[in-house]
Amino acid sequence: MNYIGVDVGTSSARACVVSDTGSILATCVEEITIWNPKSDFYQQSSTNIWNAVVRSIQRSLAESSVDPKSIKGIGFDATCSLVVLDENFLPLTVSIDGDKDQNIIMWMDHRAERQVGVINATAHPVLDTVGGTMSLEMQMPKLMWLKENLPDTWAKIGHLMDLPDFLTWKSTGSLSRSLCSTICKWGYDGGKGWSDDFLSLINLSDLVIDDHLKIGNQVQRPGTACGSGLLQEVAASLGLPANTPVGTSLIDAHAGALACLGCCPSGKTWTSEIENSLVIIAGTSTCHIICSKKGTFVPGVWGPYHSAILPEMWVNEGGQSATGKLMDFITFTHPSFSTIQELAKEKCVHPYDFLNQHIQDMANQTNLPSAAHLTQNVHIWPDFHGNRSPLADPSLKGMVCGLTLSSSLDDLAILYLAMVQALAYGTKHIVSEMERCGHVISSIYFCGGLRSNSLYMKTHSDVLGLPLILPDTEQSVLLGAAILGAAASGQFESLEEAMFSMGGQGQIIFPDNSDKRFHEKKYHVFLEMLKDQRKYQSLMKE
């Protein structure tokens, strides 16, 4: 028996074929288009994305050489982007220039800053499930922006979906929504449903017309079967049997958490409960997810969400809005980046692998205790795209202290190292707040695109002082999606059984405590930079 997992990330759609033991047999990637017409506006096309999904599934099936009849379930995950359709399920523009194909406001879009301020000023109880402050990356502020700025689009809206739910609808025809998407990004209450008074308070009551909710009537737990499975025409295009079960979706980071929590380190020397394990899903942005048996409110951290991933488990989710994207920005815009590219190409390595080695070479030529100390006089506050957690403040900006007139390769390497450290201190800030509010964290699971960056992972382990579990599979998010399909197939008794059966093994990276005092001092500077920025903001307001 085999399963298909599909992950739609920020810039690509990926599909994989996975065995019932969690072995990935084939993976294929298709690029998707992003439009960035102005600062803070990021848009995509659901047509472009679905076509990429179809191609990635077709290619992964062909490369796996498995019998299509052996595919017993399909699961989808995606970024929490907003898909806008009319009553006939055709795309409606979200673009200020009217391009009808651009019908998705991406998760990273920050156009709705004024609207999220209005929502947060209500202090409505709905905000208690998002750490007390709704993020402008969530859907309600984006809907308010659409209503206020694109009235023609608003008047024609028939269906509004999170991108993961769009994928299950497109494949099955089912309009069911995922509890994960609705509770995490839409202000839905798993026990009480949609809040009519909240929608009225923010002037979105017209989302409900004659008991038809444009935002969905039926909400299901992740892994629950959607409708009757694959539609006949979709199945034919994919080369799969009609009615193949499709699991209710997850947000992409949550799919990564699902797969990681099923991973058991090989030869592990300690035991760690699920609720004591933080999962870091690091890519374009980073999410910090922890499950617990008891709901825990953490100011500035999303949640607690009930059953958003696993049944009867609560979820808290911290995050950094720009991590991989920020590292790329700092690195790619530096005058010496072209030199790095050429040298890395000569050695047949990735530019970041080259930088990581160059940093070590620099340290070897000094009397410093370790490479970490190269940044003793360079400090960065990494919120170039605002702070998601634990401050929940989109107005914060990036800061760099310690710049010189140098633009050499060594200068780039030190800036890059300082950025990696700053992102680790940002994670420490989130973890500290989680622990202050009652979470006990004893280990870290790590997945996502940045798992391939050894410096990034080691720095996080050293800064947090915690062991890091690195799953053997490099595709945890895709595996998590496949686990949803496995749960929907009926071949497993529950989502948890599928998770543990397919989660695989991993290796443990232990922290190096020799730089503990150095990182403590750098973290103190990190927090002082926050105070400085807020002081500057206050001075300029005066």
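Notes on the structure in this doc start here. (Residues numbered from 1 in each chain as written. Predicted model: local features only at pLDDT ≥ 70, side-chain atom pairs only at ≥ 80, totals over all residues. Heavy atoms only, no water.)

Details of the overall build of the chain
To be explicit about the condition: Labels follow the DSSP assignment, with helices taken as runs of H or I lasting at least four residues and strands as runs of E lasting at least two, numbered in each case from the N terminus. It is over C-alpha atoms that the radius of gyration is taken, and the globule rule equals 2.2 Å times the number of residues to the power 0.38. Exposed residues in this analysis have more than 50% of their type's maximum accessible area, buried residues have under 20%, and partly exposed residues fall in between, with area computed by a 1.4 Å probe over protein chains only. All accessible areas in this document rest on Shrake-Rupley with a 1.4 Å probe, and a residue is counted as covered only by the protein chains that are shown. Positive: Lys, Arg. Negative: Asp, Glu. His and the chain ends are not part of the count. Positions of charges follow a simple convention, taking NZ of Lys, CZ of Arg, CG of Asp or CD of Glu.
Scanning the chain for helices and strands turns up 17 helices and 23 strands. For the chain, whose C-alpha radius of gyration is 23 Å, the value lies close to the compact-globule estimate of 24 Å for 542 residues. Overall size of the chain, expressed as C-alpha extent along the three principal axes, is 70 × 60 × 45 Å. Among the 542 residues that make up the chain, the fraction classed as buried is 60%. A total of about 21,000 Å² of accessible surface is found on the chain, and carbon and sulfur atoms cover 50% of it. If you average the places of the 38 positive and of the 56 negative side-chain charges in the chain, the two averages end up 3 Å apart.

A closer look at the packing of helix α2 (residues 113-121) against helix α3 (residues 139-149)
What counts here: Axis angles are defined between N-to-C directions and span 0 to 180 degrees, where every axis is a line fitted to C-alpha atoms and, for a helix, only to the segment in contact. Working rule for angles: under 35 degrees goes down as roughly parallel, over 145 as roughly antiparallel, 65 to 115 as roughly perpendicular, anything else as oblique. Each crossing gets its handedness from the near helix: less than a right angle anticlockwise from the far helix is left-handed, clockwise is right-handed. The contact criterion used is simple: two residues touch if any of their non-hydrogen atoms lie within 4.5 Å. Classification used: nonpolar for Ala, Val, Leu, Ile, Met, Phe, Trp, Tyr, Cys and Pro, charged for Asp, Glu, Lys and Arg, polar for all others including Gly.
Across the interface, α2 lies against α3 with an axial gap of 8 Å and an inter-helix angle of 120°. Taken together, α2 and α3 sit at an angle that is classed as oblique. Along this stretch, α2 crosses α3, giving a crossing that reads as right-handed. Within the contact between the two elements, α2 uses Arg 114, Gln 115, Val 116, Val 118 and Ile 119 and α3 uses Met 140, Pro 141, Met 144, Trp 145, Glu 148 and Asn 149. Its residues assigned to classes, the contact of α2 with α3 shows seven nonpolar, two polar and two charged.

A look at the nonpolar core
Test applied: Think of a nonpolar core as a cluster: buried Ala, Val, Leu, Ile, Met, Phe, Trp, Tyr and Cys residues, connected wherever their side-chain atoms sit within 4.5 Å.
Counting 85 residues, the largest nonpolar core has Met 134, Met 140, Leu 143 and Leu 146 as the members making the most contacts within it. Per element, the largest residue contribution to this core is eight residues, and it comes from helix α15 (residues 476-489). What Met 134 contacts, discounting residues up to four positions off in sequence, is Val 116, Ile 119, Asn 120, Val 126, Leu 127, Met 140, Pro 141 and Phe 198.

Some details on unusual backbone geometry
Between Gly 303 and the following residue, Pro 304, the backbone shows a cis peptide bond with an omega angle of 5°. Looking at the secondary structure, you find Pro 304 in strand β17 (residues 302-306). With an omega dihedral of -5°, the bond running from Ser 389 to Pro 390 counts as a cis peptide bond. Even without being a glycine, Asp 40 presents a positive backbone phi close to 75°. Note on placement: Asp 40 falls in the loop between β3 (24-31) and β4 (43-44). With phi around 70°, Asn 243 is a residue other than glycine that occupies positive phi space. A relative accessible area of 48% places Asn 243 in the partly exposed class.

Remarks on the pattern of salt bridges
Quick reminder of the rule: Definition used for salt bridges: Asp or Glu carboxyl oxygen within 4 Å of a side-chain nitrogen of Lys or Arg.
Counting across every chain of the model gives 14 salt bridges. Between Asp 462 and Lys 458 there is a salt bridge; the shortest N-O distance is 2.5 Å. Within this pair, Asp 462 and its partner Lys 458 are both found in helix α14 (residues 454-464), separated by four residues, close to a single helical turn. Notably, a salt bridge pairs Glu 520 with Arg 517, separated by 3.8 Å at the nearest N-O pair. Placement of both Glu 520 and Arg 517 in helix α17 (residues 516-541) is noted, with a separation of three residues, approximately one turn of the helix. With a relative accessible area of 37%, Glu 520 lands in the partly exposed category. Among the ionic contacts, a cluster of salt bridges with common partners joins Glu 30, Arg 55 and Arg 59.

Some points on the packing of aromatic side chains
Just so we agree on the cut-off: Only centres within 6.5 Å qualify two rings of Phe, Tyr or Trp (six-membered ring in Trp) as a pair; their planes then separate them into stacked at under 30 degrees, edge-to-face at over 60, and tilted for everything else. Our definition puts a charge over a ring when NZ of Lys or CZ of Arg is within 6 Å of the ring centre and also within 35 degrees of the ring normal.
Scanning the entire structure with this criterion turns up 13 aromatic pairs. Between Tyr 352 and Tyr 416, the ring centres sit 5.3 Å apart and the planes meet at 10°, which makes this aromatic pair stacked. Highlighted residues: Tyr 352 in helix α12 (residues 351-364) and Tyr 416 in helix α13 (residues 409-436), separated in sequence by 64 residues. Looking at Tyr 416, the relative accessible area reads 1%, which means it is buried. Seen from the ring of Trp 145, Arg 111 lies directly overhead, with NZ or CZ sitting 4.6 Å from the centre.

Remarks on a nonpolar patch on the surface
Counted only if it meets this: Think of a patch as exposed residues, more than 30% relative accessible area, with no salt bridge, where like charges cluster within 9 Å and nonpolar side chains (Val, Leu, Ile, Met, Phe, Trp, Tyr) cluster within 5 Å.
The grouping of Phe 329, Phe 384, Val 400 and Leu 403 at the surface amounts to a nonpolar patch, some 360 Å² of accessible area in total. When you line up the elements, Phe 384 lands in the loop between β19 (379-381) and β20 (399-401).

A look at the sheet that holds strand β21 (residues 443-447)
We apply this condition: Any two strands with at least two DSSP-identified bridges between them are counted as paired.
The strand order across the open sheet formed by eight strands is β14-β23-β22-β21-β15-β16-β18-β17, and the pairing between neighbours is mixed. Of all strands in the sheet, those with a lone pairing partner are β14 (264-265) and β17, marking the two edges. Inspection of the sheet shows β21 paired to strand β22 (residues 468-471) by two bridges, in the parallel sense. Looking at β22, one finds that Ile 444 is bridged to Leu 468. Strands in contact with helix α9 (residues 252-261) are β15 (277-282), β16 (286-292), β18 (314-320), β21 and β22; relative to β15, the strand with the most contacts, it is inclined by about 135°.

With respect to the pairing of β3
Across seven bridges, strand β2 (residues 12-19) lies against β3 in antiparallel orientation. Within the sheet, the bridge partner assigned to Ala 15 lies in β3 and is Cys 28. In sequence, β2 turns back onto β3 through a hairpin of four residues, with Gly 22 there showing a positive phi of about 95°.

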